[in-house]
Amino acid sequence: MIGISKLLGSPDKYGDSLRYDQSAKSYKYGVKEGYGPVVVWNVTRSCNLSCVHCYSNSEIKSYQGELSTVEAKAFIDDLVEFKVPVLLLSGGEPLMRSDIYELIGYARKQGVRVTLSTNGTLINSKIARRLKDLGVSYVGISLDGIGEENDSFRGKTGAYQEALQGIRNCLAVNQKVGLRFTINQYNYSNLERILKLIEEENIPRACFYHLVYSGRGSKLVNQDISATETRKALDLLIAKTLEWQARGLDKEILTVDNHCDGIYLYLKLKAKGDPRVEQVKTLLAINGGNRSGIAIANVDWLGKVHPDQFTQNYTLGNVKERPFSQIWCDDSIGILYKLRDRKVYLTGRCQSCKWLDLCNGNFRPRAEAVHNNFWAEDPACYLTDNEISRAVTSDELRVKN
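Residues numbered from 1 in each chain as written. Predicted model: local features only at pLDDT ≥ 70, side-chain atom pairs only at ≥ 80, totals over all residues. Heavy atoms only, no water.

A. Quick peek at the sheet that holds strand E3 (residues 86-90). Read across the open sheet, the eleven strands follow the order E1-E8-E7-E6-E5-E4-E3-E2-E9-E10-E11; overall the sheet is mixed. The open sheet is flanked by strand E1 (2-3) and strand E11 (317-318), the only strands paired with a single partner. Sheet topology places strand E10 (residues 304-306) next to E11; two bridges connect them, and they run antiparallel. Looking across to E11, one finds that Val-305 is bridged to Gly-317. The strands touched by helix H9 (residues 227-246) within the sheet are strand E7 (205-210) and strand E8 (252-256), with E8 carrying the most contacts at an inclination of about 165°. (Pairing = 2+ DSSP bridges. Helix = DSSP H or I, 4+ residues; strand = E, 2+ residues; numbered from the N terminus. Contact = heavy atoms within 4.5 Å. Axes fitted to C-alpha atoms, helices over the stretch in contact; angles between N-to-C directions.)

Right, here's the structure in full:
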């Protein structure tokens, strides 16, 4: 994640302590020294929607082999011992799991910070209150457009209004909630309207995801936005964040799954002579770029462990057979070992990029989807050859407004 609002000077939020801690720079088993990674757990594959970009290929049906309640609690116990700072419950649709509230309560009683990634359509006022009472730290609700655009993308008429009501229900009980928006050709034109919605509905946090070509999303390679459109999207997010800050509106704005964003922001500030520029570069250096297989992990509905939720074609082990903490710290697992020292394996533009220490090769699933090579350059990198060249002058690094 790139904290756009944080880099532009907003007050620290909880996640900033994980992303910008100096002790994280050389630590390879978690977010920082003494802690495990943030774990994204797909508690179920079942879902009440059928989104075109779903990385888990979820459908409206039951799936066999998901972790039992007993197995799930043993998994949580191990995460507690491993000092995992955040357990993000995802799916499918996590609220479709019958024991989800029992598992949330179990994790919270042991001090685990629990967040929820949901389509929001099932969050009525009663469920919103239950999540709040259980101590869920944050609920991220996905909207991928306004009205019919969202419904078409998510495969259900009325999904937009149901998700929006889910956000409102969370806000009504003071449950921290935010919006998740995956940018692509289907909804790129909706971006300004989404920003307007964030202000009108008083939504305190929004994460803007870059498209990852995984699961059903692998069919959307040609539906991703162009480099020019990506730069325009970042320009809009940066401008709106600065506007909100100037007006005293406390909005946390982040982008996800493309570490070019931090470098692009740095270059824009540098071109303008902004006094924040060196602080931004320092924070990006501490963060270290993409940390799949290091500070982010995924456990799917079957208990299989993966480097992240979009890299489920690489399995590291299964928590039914071996504790997650042991799997995660096993340097003999080839893909983990390479991800933790990936710079020597990267090829193409990534290999010679000036900003490799700040980006860490960006997102590997996209590289594999397009180039059939896990270590190839990320096709979603929108920085120009001049901007990434190690030999360029400061004048060549200027980013147009």
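B. Molecular detail of the side chain of Glu-93. Mapped onto the elements, Glu-93 comes out in the loop between E3 and helix H4 (100-109). Here the side chain of Glu-93 touches Asn-119 through a polar contact of 2.9 Å, landing on its backbone nitrogen. (Polar contact = N/O pair within 3.5 Å; in protein donor to acceptor, adjacent residues only side chain to side chain.)

C. Inspection of unusual backbone geometry at higher detail. In the segment running from Gly-91 into Gly-92, the intervening peptide bond is cis, with an omega of 10°. Unusually for a residue other than glycine, Lys-83 sits at a positive phi of about 60°. As for its placement among the helices and strands, Lys-83 is situated in the loop between helix H3 (69-81) and E3. In this structure, Asp-257 takes a positive phi of about 75° despite not being glycine. Mapped onto the fold, Asp-257 is located in the loop between E8 and helix H10 (260-271). Its relative accessible area of 10% is what places Asp-257 among the buried residues. (Buried < 20%, exposed > 50% of the residue type's maximum accessible area, 1.4 Å probe, protein only.)

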